[in-house]
Amino acid sequence: NAKKTNSALVHISTDYVFDGKNYKPYTEIDTVKPIGIYGKTKLAGEKEALKQDIEAIVIRTSWLYSSFGNNFVKTMLRLGAEKENLNVVFDQIGTPTYARDLAKGILEIVNSGEKLNKNSSVYHYSNEGVASWYDFASKIMEIANLNCSVFPIETKDFPTKSERPHYSVLNKTAIKDDFGIKIPRWAKSLIDCINIIEKNS
């Protein structure tokens, strides 16, 4: 129990708390309106974390991947080695985020000595830059030197069970200003991650 141990809480949330109808990167004060169960449950988690009488912040992030577990990058590397062609949606826009960068950012915040909820209770963190899933997949193939062609398709041509926001780029000005965090560009971090995956394979 954080209150009993006088501990601070960093709660990780998602860009899926937004409906994707914005035309510019979402700030922490933009209206939340999740369109699917995943976003709704994550928003409920945010509210639960922030209503506790403890030092706590919420960090919303997006399109997480890493060298561990199952994620988009590892799936694309596997499919890219198996197939000649892949279709990937180009009309969902956001920012890939390397989980290692997020973890480093959280450590910087925790070790900063600042009260976590001094200025804001909610922050946004993703890597810098903007991409579609098509751009993301194409860059994976390029970095890994895979001979697999990636073709752009619309979301309507690739139906999924979960509805996803079409635009979920996050504005990260607050977390950079309040904690002095420097955030790497997504393509640079993707190279780092793929190098680790290839080294360990």
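Refer to the structure above for everything that follows.
Residues numbered from 1 in each chain as written. Predicted model: local features only at pLDDT ≥ 70, side-chain atom pairs only at ≥ 80, totals over all residues. Heavy atoms only, no water.

Re the side chain of Thr-14
Line of reasoning, step 1. Within the secondary structure, Thr-14 sits in strand 1 (residues 9-14).
Line of reasoning, step 2. Judged by relative accessible area, Thr-14 falls into the buried class, the value being 5%.
Line of reasoning, step 3. In this structure the side chain of Thr-14 is engaged in a polar contact, spanning 3.0 Å, whose partner is the side chain of Asp-15.
Line of reasoning, step 4. Beyond its immediate sequence surroundings of up to four residues, Thr-14 is in contact with Tyr-38, Lys-42, Arg-60 and Thr-61. (Helix = DSSP H or I, 4+ residues; strand = E, 2+ residues; numbered from the N terminus. Buried < 20%, exposed > 50% of the residue type's maximum accessible area, 1.4 Å probe, protein only. Polar contact = N/O pair within 3.5 Å; in protein donor to acceptor, adjacent residues only side chain to side chain. Contact = heavy atoms within 4.5 Å.)

So, the layout of surface pockets
Line of reasoning, step 1. Size it by volume and the largest pocket reaches roughly 420 Å³.
Line of reasoning, step 2. What lines the largest pocket is a set of 19 residues, and nearest its centre among them are Val-89, Gln-92, Phe-158, Thr-160 and Arg-164.
Line of reasoning, step 3. Of all the elements in the fold, those that place two or more residues in the lining of the largest pocket are helix 2 (72-82) and strand 4 (85-89).
Line of reasoning, step 4. It is strand 4 that provides the largest number of residues to the lining of the largest pocket, a total of 3 residues.
Line of reasoning, step 5. By volume, the second largest pocket is sized at about 260 Å³.
Line of reasoning, step 6. Along the wall of the second largest pocket there are 15 residues; nearest its centre are Thr-14, Tyr-38, Ser-62, Trp-63 and Leu-64.
Line of reasoning, step 7. Broken down by element, the lining of the second largest pocket gets its largest block of residues, 3 residues, from strand 1.
Line of reasoning, step 8. Residue composition of the lining of the second largest pocket, grouped by class: 9 nonpolar, 4 polar and 2 charged. (1 Å grid on protein atoms, 1.4 Å probe; cavity = no way out; pocket = protein on both sides within 12 Å on 5 of 7 lines; lining within 4 Å. Points joined across faces, edges and corners; volume = space filled by probe spheres on them. Nonpolar A, V, L, I, M, F, W, Y, C, P; charged D, E, K, R; others polar.)

Section: the side chain of Thr-61
Line of reasoning, step 1. Along the chain, Thr-61 falls in strand 2 (residues 56-61).
Line of reasoning, step 2. Here Thr-61 falls in the buried class, since its relative accessible area comes to 4%.
Line of reasoning, step 3. Among the polar contacts made by the side chain of Thr-61, one reaches the main-chain carbonyl oxygen of Tyr-125 at a distance of 2.8 Å.

Topic: the packing of aromatic side chains
Line of reasoning, step 1. Applying the stated criterion across every chain yields a total of 11 aromatic pairs.
Line of reasoning, step 2. With a centroid separation of 5.5 Å and 90° between ring planes, the pair formed by Tyr-16 and Tyr-38 is classed as edge-to-face. In this pair, Tyr-16 sits in the loop between strand 1 and helix 1 (37-51) while Tyr-38 sits in helix 1, placing the two residues 22 residues apart along the sequence.
Line of reasoning, step 3. Pairing Trp-133 with Phe-136 gives two aromatic rings, centres 6.0 Å apart and planes at 35°, and the pair type is tilted. With a gap of 3 residues between them, Trp-133 and Phe-136 both fall in helix 4 (residues 133-143), about one helical turn apart. (Phe/Tyr/Trp six-rings, centres within 6.5 Å; stacked < 30°, edge-to-face > 60°.)

Remarks on the sheet that holds strand 2
Line of reasoning, step 1. Across the sheet, 3 strands lie side by side as 1-2-7; this open sheet has parallel pairing. Each edge of the open sheet carries a strand with a single partner, namely strand 1 and strand 7 (122-124). Direction aside, the axes of adjacent strands within the sheet are offset by 25° on average.
Line of reasoning, step 2. As judged from the 6 bridges shared by strand 1 and strand 2, these two strands associate in the parallel manner. Residue pairing for strand 2: Val-10 is matched across the bridge by Ile-57.
Line of reasoning, step 3. On the sheet, helix 1 packs against strand 1, strand 2 and strand 7 and is oriented at approximately 160° with respect to strand 1. (Pairing = 2+ DSSP bridges. Axes fitted to C-alpha atoms, helices over the stretch in contact; angles between N-to-C directions.)

Note that every value here comes from positions in space, so none of it alone points to a role or purpose.
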